[in-house]
Amino acid sequence: MSAHGSMEQAEQTHHASEENKKIALLIAVIALCLALSETLGKGAQTESISKNVESSNLWAFFQAKSIRRTTVQIQADQAKLSLMLAKDEATRAALQKQIDEWQETAARYRSDPSTGEGQDQLAESAKHAEDARDLAMAKYHHFELASAAFQIAIVLASAAIITGMIVLAWTSGLLALVGVGITAIGAFAPHALHLLGSGPIKLFLPR
């Protein structure tokens, strides 16, 4: 091999080595993004499960309050019938006092701002928990899609080192940017794609 050929080969080897270093750095950056998206996804999934349990407990408490309120209201209504038939003033006064107490209890079961355990307050809290659950789930879906994009990007970048096809590295970089974009949407506007999506596009959006 001539000296000129050896120099060209050395230059090619050096160039390939430099390209591989750049691709390796790209893989490291993508791996960091992957770790971040998976961490965010795990947190969002945990939040979704927690809020789902919270909303279920609140609705169960709401149902219990509803049953108690109905029972007390029925007792009050029956006492009203007895009051209409009662002749003795002492009996009537006792019945009226009991009716008033039952009605106050029923009203407290319906709404109790001081404790936040009335039906109205429980329903509102349960709906807030459901909204938080849906928000966390929307974030989770985005982070999962981003993680998939980062994983594919790492595979393509690794293939670029093996095959020497730079186009795979560029594709990997573009896919990583897509993953970063999806991660940002999931973190700051997880419902944005649902609001913008229409028609067939909705079929490809996370539910």
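Look up: the structure comes first, before these words.
Residues numbered from 1 in each chain as written. Predicted model: local features only at pLDDT ≥ 70, side-chain atom pairs only at ≥ 80, totals over all residues. Heavy atoms only, no water.

## Considering the overall build of the chain
Each helix and strand counted, the chain has five helices and zero strands in total. Mapped from its N terminus to its C terminus, the chain presents α and β elements in the order α-α-α-α-α. For the chain, restricting intrachain contacts to residue pairs at least 6 apart in sequence, the fraction spanning at least 24 positions comes to 71%. When the accessible surface of the chain is totalled, it reaches about 13200 Å², and 64% of it is carbon and sulfur. (Helix = DSSP H or I, 4+ residues; strand = E, 2+ residues; numbered from the N terminus. Contact = heavy atoms within 4.5 Å. Areas by Shrake-Rupley, 256 points an atom, 1.4 Å probe, with all protein chains shown as cover.)

## Here's the deal with the nonpolar core
Ile-23, Ile-27, Ile-30, Phe-150, Ile-154, Ala-160 and Ala-176 are the most contacted members of the largest nonpolar core, which has 14 residues in total. Mapped onto this core, the elements with two or more residues apiece are helix H1 (3–85), helix H3 (119–163) and helix H4 (166–188). Here this core gets six residues from one element, more than from any other, and that element is H3. Apart from the residues within four sequence positions on either side, Ile-30 is in contact with Phe-150, Ala-153, Ile-154, Ser-172 and Ala-176. Membership of the second largest hydrophobic core comes to six residues, among which are Leu-58, Ala-123, Ala-126 and Ala-129. (Core = buried A, V, L, I, M, F, W, Y, C linked by side-chain atoms within 4.5 Å. Buried < 20%, exposed > 50% of the residue type's maximum accessible area, 1.4 Å probe, protein only.)

## Concerning the environment of Ser-158
Following the sequence through the fold, Ser-158 ends up in helix H3. The sequence separation of Ser-158 and Asn-20 amounts to 138 residues, and the corresponding C-alpha distance is 9.4 Å.

## As for the packing of aromatic side chains
Applying the stated criterion across every chain yields a total of one aromatic pair. An angle of 80° between the planes, with centres 5.4 Å apart, marks the rings of Trp-59 and Phe-62 as edge-to-face. Taken as a pair, Trp-59 and Phe-62 lie in helix H1 at a separation of three residues, close to a single helical turn. Classification of Trp-59 by relative accessible area gives partly exposed; the value is 25%. Looking at Phe-62, the relative accessible area reads 16%, which means it is buried. (Phe/Tyr/Trp six-rings, centres within 6.5 Å; stacked < 30°, edge-to-face > 60°.)

## A short note on helix H2 (residues 89–110)
In this model H2 runs 31 Å from its N-terminal to its C-terminal C-alpha over 22 residues, within 8% of the 32 Å that 1.5 Å per residue would give. Residues Ile-99, Thr-105, Ala-106 and Tyr-109 constitute the buried set of H2. Viewed end-on, H2 has its buried residues packed into an arc of 125°, placing them on one side of the element. Exposed and facing more than 90 degrees away from the buried side of H2 are Glu-89, Ala-90, Lys-97 and Glu-104. Of the residues that open H2, the one with a side-chain oxygen 3.2 Å from the backbone nitrogen of Ala-90 is Asp-88. (Expected span 1.5 Å × (residues − 1). Arc of directions from axis to C-beta. Polar contact = N/O pair within 3.5 Å; in protein donor to acceptor, adjacent residues only side chain to side chain.)

## Regarding the packing of H3 against H4
Close contact between H3 and H4 brings their axes to 8 Å; oriented N to C, the two are set at 165°. Put simply, H3 runs roughly antiparallel to H4. Between H3 and H4 lies a crossing of left-handed hand. Broken down by class, the residue content of the contact of H3 with H4 amounts to 20 nonpolar, seven polar and one charged. (Axes fitted to C-alpha atoms, helices over the stretch in contact; angles between N-to-C directions. Parallel < 35°, antiparallel > 145°, perpendicular 65-115°, else oblique. Left-handed = near helix turned anticlockwise from the far one by under 90°. Nonpolar A, V, L, I, M, F, W, Y, C, P; charged D, E, K, R; others polar.)

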